[in-house]
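# Coordinate inspection notes
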Amino acid sequence: MQEACRIVTKNEEETRLLGIRLAELLEPGDVLALEGDLGAGKTTFAQGIARGLGVEEAVDSPTFTIIKEYHGRLPFYHMDVYRLESSDEDLGWDEFFFGDGVTLVEWAGRIEELLPDHAVRITITVGEADERLITFAPAVERVHRLCRELRRE
Ligand code: ADP
Ligand code: MG
């Protein structure tokens, strides 16, 4: 079993850049399941993914709408399920999770039982000052490869 891959970013721009780089590797049906406290940097990372997918629109937090849809090289579905009343609420999850675009879920733990096995688990932890520890669970090989490459840079 591989180990989790960890990257430290030193500011907001580095976190966004990590998203941009990761986005190059993403394929239809990919699901990024993000965990991290309020202000950890989940939306910042999502902005990087969107930019890396070629989305030109500004991406902000979908806290009140739960799902926002964007179009770049692939469709990008940005979810924040923090305010979801219960995970029984059927928003047509599988159309996103097994669909034609990339889905990023903030507060993914709230819909844990709905997440597909192929979800890439990414956890952001706040460190000292503006440092963030970003951990990729050892799931998808191509994401893991990128994570290792980025660590060497
Ligand atoms: P979340 O979606 O997890 O609640 P946001 O991305 O909305 O978090 O906010 C992250 C906040 O933390 C922003 O104000 C950003 O400027 C700040 N920040 C400081 N350092 C970093 C970093 N290394 N990565 C991401 N955000 C950072
Ligand atoms: Mg957010």
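The text that follows walks through the structure, step by step, so that each part is easy to find. As the structure is a prediction and not an experimental result, all values here were calculated from the model.

## Looking at the pattern of salt bridges
Tallied over the entire structure, the rule returns 4 salt bridges. The shortest N-O distance in the salt bridge between E12 and R16 comes to 2.7 Å. Linking E12 with R16, this pair stays in helix α1 (residues 12-23), spanning 4 residues, or about one helical turn. The partly exposed category is assigned to E12, whose relative accessible area is 49%. Taking the shortest distance from any N to any O, the salt bridge between R16 and E13 comes out at 3.0 Å. Of this pair, R16 and E13 both sit in helix α1, 3 residues apart, which is roughly one turn of the helix. By relative accessible area, which is 42% here, E13 ends up partly exposed.

## Description of the packing of aromatic side chains
Applying the stated criterion to the full structure yields 4 aromatic pairs. Between Y82 and W107, the ring centres sit 4.7 Å apart and the planes meet at 50 degrees, which makes this aromatic pair tilted. Note that Y82 is positioned in the loop between β4 (75-80) and α3 (93-97) and W107 in the loop between β5 (102-106) and β6 (120-126), a separation of 25 residues in sequence. Note on W107: relative accessible area 17%, which makes it buried. For K42, the ring lying beneath its charged end belongs to W107, and the centroid distance is 4.3 Å. Directly above the aromatic system of Y82 lies the positively charged group of R110, at a separation of 5.5 Å from the ring centroid.

## Considerations on the nonpolar core
Residues L22, L32, F45, I49, F76, I122 and F136 are the most contacted members of the largest nonpolar core, which totals 31 residues. The set of elements that each furnish at least two residues to this core consists of β1 (5-9), α1, β2 (31-35), α2 (42-52), β5, β6, β7 (132-136) and α4 (141-152). Membership of the second largest hydrophobic core comes to 16 residues, among which are A33, F97, A108 and I111.

## Considering the coordination of the magnesium ion (ligand 2)
Bound to the magnesium ion (ligand 2) are the protein donor atoms T43 (OG1) and E106 (OE), situated 2.2 Å from the metal. One end of the pair, T43, is in helix α2; the other, E106, is in strand β5, with 63 residues separating them in the sequence. Taking the relative accessible area as the measure of exposure, T43 reaches 18% and is therefore buried.

## Topic: the side chain of T9
Position of T9 among the secondary structure elements: in strand β1. Overall, T9 belongs to the buried group, its relative accessible area being 2%. There is a polar contact of 2.7 Å between the side chain of T9 and the side chain of T15. Beyond its immediate sequence surroundings of up to four residues, T9 is in contact with E14, T15, L18, D130, E131, R132 and I134.

## Description of the pairing of strand β3 (residues 67-71)
Bridge count for β3 against β4 is 5 bridges, and the pairing is antiparallel. Bridge pairing in β4 links E69 to Y77. Count of turn residues in the β3/β4 antiparallel hairpin: 3 residues.

## Regarding the site of ligand 1
Residues in close proximity to ligand 1 total 16 residues, the closest being E12, T15, G39, K42 and T44. Interatomic distance of 3.1 Å between a side-chain N/O atom of T9 and a nitrogen atom of ligand 1. Contact between ligand 1 and D130: a nitrogen atom at 2.8 Å from a main-chain N or O atom of the residue. Contact with the protein chains removes 77% of the 570 Å² of surface that ligand 1 exposes when unbound.

Basis of the calculations
- Residues numbered from 1 in each chain as written.
- Chains lettered and ligands numbered in written order.
- Predicted model: local features only at pLDDT ≥ 70, side-chain atom pairs only at ≥ 80, totals over all residues.
- Heavy atoms only, no water.
- Salt bridge = Lys/Arg side-chain N within 4 Å of Asp/Glu carboxyl O.
- Helix = DSSP H or I, 4+ residues; strand = E, 2+ residues; numbered from the N terminus.
- Buried < 20%, exposed > 50% of the residue type's maximum accessible area, 1.4 Å probe, protein only.
- Phe/Tyr/Trp six-rings, centres within 6.5 Å; stacked < 30°, edge-to-face > 60°.
- Lys NZ or Arg CZ within 6 Å of the ring centre and 35° of its normal.
- Core = buried A, V, L, I, M, F, W, Y, C linked by side-chain atoms within 4.5 Å.
- Donors = N, O, S within 2.8 Å, 3.2 Å for Na, K, Ca; no water.
- Polar contact = N/O pair within 3.5 Å; in protein donor to acceptor, adjacent residues only side chain to side chain.
- Contact = heavy atoms within 4.5 Å.
- Pairing = 2+ DSSP bridges.
- Near = heavy atom within 4 Å.
- Areas by Shrake-Rupley, 256 points an atom, 1.4 Å probe, with all protein chains shown as cover.

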